[in-house]
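Listed below, chain by chain, are the residues.
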Amino acid sequence: MEYRPRILLIVTERSPLQRLWEAVEEHLSGTGEEVVALYVKDERWRRAASLPFTREVSRVSGSHREFTPQRAAQLDQDTVSQVRSRLGALAIRAELQPVFEVLAEHEVSRIRNYVRVEEDLLVISADVRSQPMYQELTQLSCRTVCVDAEEREYE
């Protein structure tokens, strides 16, 4: 079986998707790399909805309503759909069809299943370094590109 390099793009709700995608494109060599986008869901919405006093406040009217687990799930789905749509638009321009997977924060250890060899590349946002998942990502045996709003770092 022929080896095809894999580029893993880790995306969160706060990730600068355009900048991350630019880093992915810079590392495409035309040898048929597989691009896997892993969206890591922020579970704070779900945790907030589990609290009895949590309210949602409308930015427009200022009205309050109960913040339920169903509303948290709706916000999660909306965010995933937006990220998937934006990623799809970027991928079309690059004539790529990335695999798109959604992981919860507590499933971050599953990212290790996507890394096959040291030549694979992990593309992350610099803000991930301040998140709990970063410790798990540092244990992966592949190259890492950390994308900041202004510059890129190689680890």
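Caption draft 1: Structural detail: the state of the cysteines. Applying the stated rule across the entire model yields zero disulfides. Of all cysteine sulfurs, the one in cysteine 146 lies closest to cysteine 142, which takes part in no disulfide; the gap is 13 Å. For cysteine 146, a relative accessible area of 1% puts it in the buried group.

Caption draft 2: Representation of the pairing of strand 2 (residues 34-41). In terms of burial, strand 2 is largely enclosed, as six of its eight residues are buried. For strand 2 and strand 5 (residues 99-104), the ladder comprises six bridges, and the chain directions are parallel. Within strand 5, the position partnered with valine 36 by the bridge is valine 99.

Caption draft 3: Here's a closer look at empty space enclosed by the protein. Enumeration according to the criterion identifies one cavity of 30 Å³ or more in this entry. Put simply, the largest cavity is a space of about 50 Å³. Forming the boundary of the largest cavity are Thr12, Glu13, Arg14, Val40, Lys41, Asp42, Glu105, Gln131 and Met133. A per-class count over the lining of the largest cavity returns two nonpolar, two polar and five charged.

Caption draft 4: Broad picture of the environment of tyrosine 39. Its location among the elements puts tyrosine 39 in strand 2. Once the C-alpha coordinates of tyrosine 39 and aspartate 148 are considered, the two residues, 109 residues apart in sequence, prove to be 18 Å apart. Excluding anything up to four places from it in sequence, tyrosine 39 contacts Val11, Thr12, Glu13, Thr79, Val80, Val83, Phe100, Glu101, Val102 and Leu103.

Caption draft 5: Summary view of the pattern of salt bridges. Considering all chains together, one arrives at seven salt bridges under this definition. The shortest N-O distance in the salt bridge between glutamate 34 and arginine 6 comes to 3.0 Å. Residue glutamate 34 is located in strand 2, and its partner arginine 6 is located in strand 1 (residues 6-11); the two are separated by 28 residues in the primary sequence. The exposure class of arginine 6 is buried, given its relative accessible area of 12%. With a shortest N-O distance of 4.0 Å, arginine 116 and aspartate 120 are connected by a salt bridge.

Caption draft 6: Spotlight on the side chain of aspartate 42. As for its position among the elements, aspartate 42 is in the loop between strand 2 and helix 2 (44-49). Engagement of the side chain of aspartate 42 in a polar contact is seen with the side chain of arginine 14, the distance being 3.2 Å.

Caption draft 7: Region of the structure containing helix 3 (residues 69-93). Taking 1.5 Å as the rise per residue, helix 3 with 25 residues should run 36 Å; its terminal C-alpha atoms sit 37 Å apart, in good agreement. The complete set of buried residues in helix 3 reads Arg71, Ala72, Leu75, Asp76, Thr79, Val80, Val83, Leu87, Leu90 and Ala91. Downstream of helix 3 by a residue or two, glutamate 95 has a phi angle that is positive, lying close to 55°.

Caption draft 8: Structural view of the environment of glutamine 18. Here glutamine 18 lies in helix 1 (residues 17-26). Given the relative accessible area of 37%, glutamine 18 is considered partly exposed. Contact partners of glutamine 18, with chain neighbours within four places excluded, come to Arg86, Leu90 and Arg93.

Caption draft 9: Geometry of helix 1. Three or more residues of helix 1 are buried, namely Leu17, Leu20, Trp21, Ala23 and Val24. What you see down the axis of helix 1 is that its buried residues fit within an arc of 155°, all on one side.

About the thresholds
- Residues numbered from 1 in each chain as written.
- Predicted model: local features only at pLDDT ≥ 70, side-chain atom pairs only at ≥ 80, totals over all residues.
- Heavy atoms only, no water.
- Disulfide = S-S within 2.5 Å.
- Buried < 20%, exposed > 50% of the residue type's maximum accessible area, 1.4 Å probe, protein only.
- Helix = DSSP H or I, 4+ residues; strand = E, 2+ residues; numbered from the N terminus.
- Pairing = 2+ DSSP bridges.
- 1 Å grid on protein atoms, 1.4 Å probe; cavity = no way out; pocket = protein on both sides within 12 Å on 5 of 7 lines; lining within 4 Å.
- Points joined across faces, edges and corners; volume = space filled by probe spheres on them.
- Nonpolar A, V, L, I, M, F, W, Y, C, P; charged D, E, K, R; others polar.
- Contact = heavy atoms within 4.5 Å.
- Salt bridge = Lys/Arg side-chain N within 4 Å of Asp/Glu carboxyl O.
- Polar contact = N/O pair within 3.5 Å; in protein donor to acceptor, adjacent residues only side chain to side chain.
- Expected span 1.5 Å × (residues − 1).
- Arc of directions from axis to C-beta.

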